[in-house]
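# Fold and contact review
If you want the building blocks of each chain, they are given just below.
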Amino acid sequence: MKLAPPQDGYRQDLEMRGLAALVESLTPRREQLARHPMYTNLGQPESVQVFMEHHVFAVWDFMSLLKRLQREVTCVAIPWVPVGSPATRRFVNLLVAEEESDQLDDGTIASHFELYLAGMREAGAATDPIGTFLSDIKSGVSVEEALCGKEIPPAAACFVKSTWEWAQQSSLPAVASAFFFGREELIPQMFQPILDCSQDRPDMRIFRAYLVRHLELDGGHHGEMAGALVSQLCGNDSASWNEAKNAAEASLMSRKALWDGVAGILAE
């Protein structure tokens, strides 16, 4: 798949070098997450349940970032008119199709969030907090107010608040950067240790399928497309690259805070 749209070779080279430099500058934060002590405490079934009860909120709010990107770089209104670059539209629409309506190996079609919920039920993790949260939102309660539910883990609520602020208020380069660095680019190194901890667990068949699917997608064309999107949106504009850098750093710090919250409960 050709990820970059046709354009001047020199400009494309500048954009990709900008992304590579940003990736390099974030290496210490990325490595810190990869070595997070939370991973060493996921050996017991109860520990993975605690992890899932926190992480499901990050699985949910991922879609808010993606939908913001879809709203900005494609046309989701009627009457339809072509918006922006056709290649960029394709990047985002492909991501949406697979995240919101993926076809699994057994032919089942589901969003990755719905797959995650099924994995939680199979593993015995509590789904009432996320279920109540979604019910509140469907009934018209704001995200901020719904996050005040007493059953929602505090670390998960803080994580979602940060994501929601980016999805609503940040510039497009910042949103794309948070999406790439805080989600797509991070997944392979983040999920592999969790997959390793859940080996030979018949009650985690669905959860493992979720992890494997994301390692496949995000370690492949999803990560490539998301990185290309950051490069194209920032171009050779230094202000946009600065926004992308700040958002990337903030998203990694937010992820670390979520992992800190899980680790703190597991250590009790």
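Since the model is a prediction, treat every value here as computed from it, not as a measurement.

### Notes on the packing of helix α9 (residues 172-184) against helix α12 (residues 221-234)
Where α9 contacts α12, the axes come no closer than 9 Å and their chain directions differ by 155°. As far as their axial angle goes, α12 and α9 are roughly antiparallel. Handedness of the α9/α12 crossing: left-handed. The segment α9 lies against α12, with L172, P173, A176, S177, F179, F180 and E184 engaging H222, G223, A226, G227, L229, V230, L233 and C234.

### Concerning the packing of aromatic side chains
Counted according to the given criterion, the structure contains eight aromatic pairs. Summarising the aromatic geometry, the rings of Y116 and F207 are spaced 5.7 Å apart at their centres and angled 90° between planes, so their arrangement reads as edge-to-face. In this pair, Y116 is assigned in helix α5 (residues 112-123) and F207 in helix α11 (residues 205-218), connecting sequence segments 91 residues apart. For Y116, a relative accessible area of 1% translates into the label buried. Look at F207 and you get buried, because its relative accessible area is 1%. Considering the side-chain rings of F191 and Y210, the 5.9 Å spacing of their centres and the 50° angle between planes classify their relative orientation as tilted. In this pair, F191 is assigned in helix α10 (residues 187-197) and Y210 in helix α11, connecting sequence segments 19 residues apart.

Analysis parameters
Residues numbered from 1 in each chain as written. Predicted model: local features only at pLDDT ≥ 70, side-chain atom pairs only at ≥ 80, totals over all residues. Heavy atoms only, no water. Axes fitted to C-alpha atoms, helices over the stretch in contact; angles between N-to-C directions. Helix = DSSP H or I, 4+ residues; strand = E, 2+ residues; numbered from the N terminus. Parallel < 35°, antiparallel > 145°, perpendicular 65-115°, else oblique. Left-handed = near helix turned anticlockwise from the far one by under 90°. Contact = heavy atoms within 4.5 Å. Phe/Tyr/Trp six-rings, centres within 6.5 Å; stacked < 30°, edge-to-face > 60°. Buried < 20%, exposed > 50% of the residue type's maximum accessible area, 1.4 Å probe, protein only.

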